[in-house]
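Survey of secondary and tertiary structure
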Amino acid sequence: MDLLEIRHLSLNFGGIVALKNVHMTVKKGQIHAIIGPNGAGKTSLFNCLSGVYIPTEGEILVEGKNITGLKPHKIARLGIARTFQNIELFANMNVIDNLLLGRHIHMNSGPFSGSFFYGKALREEVGNRLKVEEIIDFLEIEKVRKQLVGSLPYGIQKRVELGRALTMDPKILLLDEPAAGMNVEETEDIARFVLDINEELGMTIILVEHDMGVVMDIVDEITVLDFGSKIANGNPREIQANPKVIEAYLGQDE
Amino acid sequence: MAIRSKTFRESYYEDIKLFKTIWIKSWIGLFLMVLAVLPLIGDPYIIYLINISCIATIAALGLNILTGFTGQISLGHAAFFAIGAYCTAIISSRFQVPFWICLPASGVLAACAGLFVGIPCLRLKGLYLAMATMSFGVVVEYVVITWDSVTKGVRGISVPTLNLLGYPLDSNNKLYYFLIVLTALAIIAATNLMRTRVGRAFIAIRDRDIAAEVMGVSLTQYKVMAFAISSFYAGIAGGLYAYVMEYIHPEHFTFLLSVQYLAMIIVGGLGSILGSIFGAVFITIIPEFIKGLAQFLTLLFPAIEDKYDDGWNIAAFGLLIMLFLIFEPKGLSGIWTRIKTCFKNWPYTY
Ligand SMILES: Nc1ncnc2c1ncn2[C@@H]1O[C@H](COP(=O)(O)OP(=O)(O)OP(=O)(O)O)[C@@H](O)[C@H]1O
Ligand SMILES: [Mg+2]
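Residues numbered from 1 in each chain as written. Chains lettered and ligands numbered in written order. Predicted model: local features only at pLDDT ≥ 70, side-chain atom pairs only at ≥ 80, totals over all residues. Heavy atoms only, no water.

Residues and elements named next belong to chain A. Taken together, 13 residues sit near ligand 1, with Gly39, Lys42, Thr43, Ser44 and Gln85 positioned nearest. At 3.2 Å, a backbone N or O of Ala40 approaches an oxygen atom of ligand 1. Here an oxygen atom of ligand 1 and a side-chain polar atom of Lys42 are 2.8 Å apart. Calculation on ligand 1 without its partners gives an accessible area of 640 Å², and the protein chains cover 66% of this total. Residue contributions to the shell around ligand 1 peak at 3 residues, all from helix H1 (residues 42-49). Here the shell around ligand 1 is built from residues that sort into 4 nonpolar, 7 polar and 2 charged. (Near = heavy atom within 4 Å. Polar contact = N/O pair within 3.5 Å; in protein donor to acceptor, adjacent residues only side chain to side chain. Areas by Shrake-Rupley, 256 points an atom, 1.4 Å probe, with all protein chains shown as cover. Helix = DSSP H or I, 4+ residues; strand = E, 2+ residues; numbered from the N terminus. Nonpolar A, V, L, I, M, F, W, Y, C, P; charged D, E, K, R; others polar.)

Here it is, written out as structure tokens:
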């Protein structure tokens, strides 16, 4: 069984068609890229997967379970985590607290035990702090761990946002343009992190990215969207040779 | 001095301790000592002002949890305070219920009212939420005035003396210690709440609600929870207010009081526990300064004699809210943090 299956997915905003009858499957353990020109519907697809948008038609199945129409916080508990195209960190919290928020679904102390911070709540804080510190080490952001994220440089913020999704310990990680706005060196770092997350942490990754160098280097499979429709699917070699894809990109850029 | 800020802490247990250094512990100890001996040397009126400040602090903590930390504005905080005050006043005067039932009952009743308001307001934001909570305040005020058989309407209710295990707290000096202890508890509870799971979820909702939801925070559950907790604090504060004033009247709980609480958290610092305390104390004593100012002005301009009234305070609160929003959005707690950093790094400035 595929880890993720998307069937006949459509999404309309009034007259605008953001997604049109999209089919795709993602296999467990893979790095799967979604590419396409600006406005193709990549972010909209992520928003449907994470429950931010409710699709007009179609179904989304995770391990065979239908999650279509569930609220985002329920979907989070089913093991889907994401980052955003425009960083959506909690700017007034420090890095540790941002990452601890990723542990929210793995904790359960309520307002009462929280207020008096006794036993369970305290143990829970410390136990999850360990997990957070592991991710901080993994992403090499030890130096900024106590800083407010609002004051960090863009590249580091992107990395913290990635860390926040990782602390959720998801089965599927959705990354919306993780390398956007980064220089060559930062882009290489991110590519390395994506590979490590996939291999060491064993997460399945769906990646939206415009940097074709990165995409062709690291992913196993690619789905191409154009004007909300899927126009191609295959491994990087097949996609590079696909005339429809070349046309979609040429029609857009030049 | 510079070493202090670079102390190495061994475990995460150490890292999450409330009072980390020996310095902070000694300062707090000293402060508690001053508070302990104050009633022995202080003027009774000062003690009364401290008592009122304690009550304001508890209520302001509640509003700050809702508005400052969770980002849900409320202009009806006085209503929950009134519900708490009337709950204590009514059950203690009619049925001689002891304080240790009255106060929790006030908190719980106010929290239920908070749920009642919070649930239908879930989809409201900003201005609309402000209007809805304000309307609730008006409704409660109206009910208190007109439901004569229970609230005694505009005649007001006398509240029996708080009896602490056979020891009647019949003066402000006696109530003082009781209030200080409860306020300290409220401050510690709020501090802990805000640095654990629930508090983080509140702040996340304020900063980025969609991201919070995608991380697994149920907006419905946590917004309603913020309303209930906030109202619980207001209810407890209201109950204490009934005991301190010994007599309560609908006029004590008008829209102006809600504005006053909002002024406290804005002046003190939105989203800051320390700010709630600073703001509550500041706004409580400011009318005293205005009274003094009015007396002084009367010397200069005899024409304004006896013109001092509540209007002066309303104007002052309005002016303060405006000035702080423009010049110091982080409030008194922001100023405090700056002073502290300055001292910590002294003599190195950067
Ligand atoms: N909330 C919304 N309301 C109305 N239209 C929307 C909304 N969100 C997306 N759209 C429209 O849906 C289409 C797809 O947008 P989407 O953001 O998914 O594109 P994208 O592939 O992520 O593009 P980019 O590469 O620029 O990020 C666009 O035409 C966009 O204007
Ligand atoms: Mg996009």
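Looking now at the sheet that holds strand E1 (residues 4-13) of chain A. The strands that make up a sheet pair up through hydrogen bonds in the backbone, lying either parallel or antiparallel. Residue and element names in this part refer to chain A. Strand order across the open sheet formed by 4 strands is E2-E1-E4-E5, with antiparallel pairing between neighbours. Sheet topology places strand E2 (16-26) and strand E5 (65-66) at the edges, where each strand pairs with a single neighbour. Note that E1 and E2 share 7 bridges and pair antiparallel. Pairing of Leu4 across the sheet is with Val26, part of E2. Packing of H1 onto the sheet brings it into contact with E1, E2 and strand E4 (57-62), and relative to E1 it is tilted by some 115°. (Pairing = 2+ DSSP bridges. Contact = heavy atoms within 4.5 Å. Axes fitted to C-alpha atoms, helices over the stretch in contact; angles between N-to-C directions.)

What follows concerns the interface of chain A and chain B. Contact residues are listed per partner, giving 42 residues for chain A and 32 residues for chain B. Counting the surface lost from both chain A and chain B, the interface buries some 3,300 Å², and carbon and sulfur atoms represent 64% of this. Sorting the residues of chain A by area buried against chain B places His73(A), His104(A) and Phe117(A) first, and these three jointly supply 17% of that buried surface. Viewed at the interface, chain B and chain A are joined by 2 salt bridges. A salt bridge links Glu88(A) to Arg208(B), with the nearest nitrogen and oxygen atoms 3.3 Å apart. Counting across the interface, chain A meets chain B through 11 residue pairs in polar contact (both at pLDDT 80 or more). Mapped onto the side of chain A that touches chain B, the elements with two or more residues apiece are helix H2 (72-77), helix H3 (95-102), helix H4 (111-116) and helix H5 (119-138) of chain A. No other element matches H5(A), which puts 8 residues into the side of chain A that touches chain B. Its residues placed into classes, the side of chain A that touches chain B shows 20 nonpolar, 10 polar and 12 charged. (Buried area = accessible area lost by both parts, 1.4 Å probe. Salt bridge = Lys/Arg side-chain N within 4 Å of Asp/Glu carboxyl O.)

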